[in-house]
Amino acid sequence: MKGTVFDIQRFSVHDGPGIRTTVFMKGCPLRCRWCHNPEGLCRGLQLQFFEEKCIGCRRCGKRETLADAEKCPAEALKVCGREIYEDEIISEILKDRIFYGENGGVTFSGGECLLQADFVASVLKKVKSLGLHTAVDTSGCVAWSEIGKTLDFCDLYLYDVKCIDSSVHKEYTGADNSLILENLKKLSDTGKDIWIRVPVIPDFNNSVGEMTNIADLVKELTSVSQVTLMPYHTLGASKYRTLGMKYRYDASKKISAEELEAYRKIFIDRNLALT
């Protein structure tokens with residue numbers, strides 16, 4: 001079986017406990033305006049053009065096909081993504097095994113890694129059999145059956161909750177959140193360990209009311225062990241131009257430390273563990 005990835009990040013410390021290897025899968029059902037991994041949106045391989053590296057040799061022609069990337073001597077034109085077999089990716093993961101210690105392991109992320117659930121589940125099964133900790137980072141915007149394929153082989157789910165208002169969610173991400181919230185409840189009912197991750201986005205969910213609604217939802221869940229509030233950043237904005245895409249959010253907007261602390265207090269007041 002083959003999967004399509006756009007990155008394998010080593011020594012990751014933000015995608016689960018301990019030191020981890022994070023595998024970023026291509027393809028996503030959402031179109032969040034602030035997405036910092038635009039190279040994960042499309043399921044297929046893409047051309048990426050780094051204008052600052054271009055030496056103007058014109059060997060790449062019109063930069064229209066993946067083969068054009070092979071002609072670029074300056075590596076200004078690259079193929080974004082690659083297809084990889086299960087055994088290849090397990091070999092990559094095991095290169096880092098010495099660093100995992102007791103808590104570390106492998107995390108599948110994206111994009112939305114569960115759009116390739118068969119591949120992810122198969123790799124997780126093999127990795128789990130080697131005694132490594134496994135995690136899945138998901139938006140939850142997939143059929144429950146796709147999540148179900150990973151349940152027996154996943155120790156931890158990193159689950160995004162962006163907002164509770166369905167119409168606002170659809171306006172800013174391209175999909176309402178009914179399936180996401182339904183899947184979250186089902187996942188919690190299985191008893192699987194869940195870490196909730198909340199991106200705090202200006203003009204989207206940065207209000208006391210919305211954060212209170214999210215905190216109240218999380219409080220009702222039975223298997224959430226911690227919550228992380230992630231303030232808006234623009235670290236991925238420059239990637240859009242390389243992919244021929246336009247960044248659709250206001251890069252000048254910020255979340256202040258005081259604002260974030262006020263939102264943290266909402267979760268703390270409900271005895272929810274924050275990181």
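Right above here is the structure, for reference.
Residues numbered from 1 in each chain as written. Predicted model: local features only at pLDDT ≥ 70, side-chain atom pairs only at ≥ 80, totals over all residues. Heavy atoms only, no water.

Student: I keep staring at the side chain of Gln-46 and nothing clicks. Help me out?
Tutor: On the secondary structure map, Gln-46 appears in strand S3 (residues 46-49). Note on Gln-46: relative accessible area 14%, which makes it buried. Within the local environment of Gln-46, its side chain forms a polar contact with the side chain of Lys-26, the two groups lying 2.8 Å apart. In this view, Gln-46 contacts Lys-26, Glu-39, Leu-66, Lys-78, Val-79, Cys-80 and Leu-243; residues no more than four positions away in its chain are not counted. (Helix = DSSP H or I, 4+ residues; strand = E, 2+ residues; numbered from the N terminus. Buried < 20%, exposed > 50% of the residue type's maximum accessible area, 1.4 Å probe, protein only. Polar contact = N/O pair within 3.5 Å; in protein donor to acceptor, adjacent residues only side chain to side chain. Contact = heavy atoms within 4.5 Å.)

Student: Got a minute to help me understand the environment of Ile-84 in this structure?
Tutor: Tracing the chain through its elements places Ile-84 in strand S5 (residues 82-85). On the accessibility criterion, Ile-84 (0% relative accessible area) is buried. For the pair Ile-84 and Val-5, spaced 79 residues apart in sequence, the C-alpha separation works out to 7.3 Å.

Student: What should I look at first to understand the packing of aromatic side chains in this one?
Tutor: What describes a pair of aromatic rings is the distance from one ring centre to the other and the angle between the planes of the rings. Evaluation of the coordinates by the stated rule reveals eight aromatic pairs. Between Trp-34 and Phe-204, the ring centres sit 4.8 Å apart and the planes meet at 40 degrees, which makes this aromatic pair tilted. Residue Trp-34 is located in the loop between strand S2 (20-25) and S3, and its partner Phe-204 is located in the loop between strand S9 (193-200) and helix H7 (208-220); the two are separated by 170 residues in the primary sequence. Phe-204 shares its class with Trp-34; the two are buried. Measuring from ring centre to ring centre gives 5.1 Å for Tyr-240 and Tyr-247, while their planes differ by 70 degrees; the resulting arrangement is edge-to-face. Residue classification places Tyr-240 among the buried residues on the basis of a relative accessible area of 5%. Residue class for Tyr-247 comes out buried when judged on its relative accessible area of 16%. (Phe/Tyr/Trp six-rings, centres within 6.5 Å; stacked < 30°, edge-to-face > 60°.)

Student: Would you mind going over the pairing of S3 with me for this structure?
Tutor: Neither face of S3 is exposed, since Gln-46 and Gln-48 on one face and Leu-47 and Phe-49 on the opposite face are all buried. Note: S3 against strand S4 (residues 77-80), four bridges, orientation antiparallel. Pairing of Phe-49 across the sheet is with Leu-77, part of S4. (Pairing = 2+ DSSP bridges.)

Student: Help me understand the nonpolar core, please; the structure alone is not making it clear to me.
Tutor: A general feature of soluble globular proteins is that nonpolar side chains tend to end up buried together. Judged by nonpolar contacts, the single largest core of 67 residues is most densely connected at Trp-34, Ile-89, Phe-108, Ile-196, Val-227, Leu-229 and Phe-267. With six residues, the top contributor of residues to this core is helix H3 (residues 117-129). Apart from residues lying up to four places away in sequence, Trp-34 is in contact with Lys-162, Tyr-172, Thr-173, Pro-199, Ile-201, Phe-204, Tyr-232, Tyr-240, Tyr-247 and Tyr-249. Phe-49, Ala-69, Cys-72 and Leu-77 belong to the second-largest nonpolar core, a separate cluster that totals seven residues. (Core = buried A, V, L, I, M, F, W, Y, C linked by side-chain atoms within 4.5 Å.)

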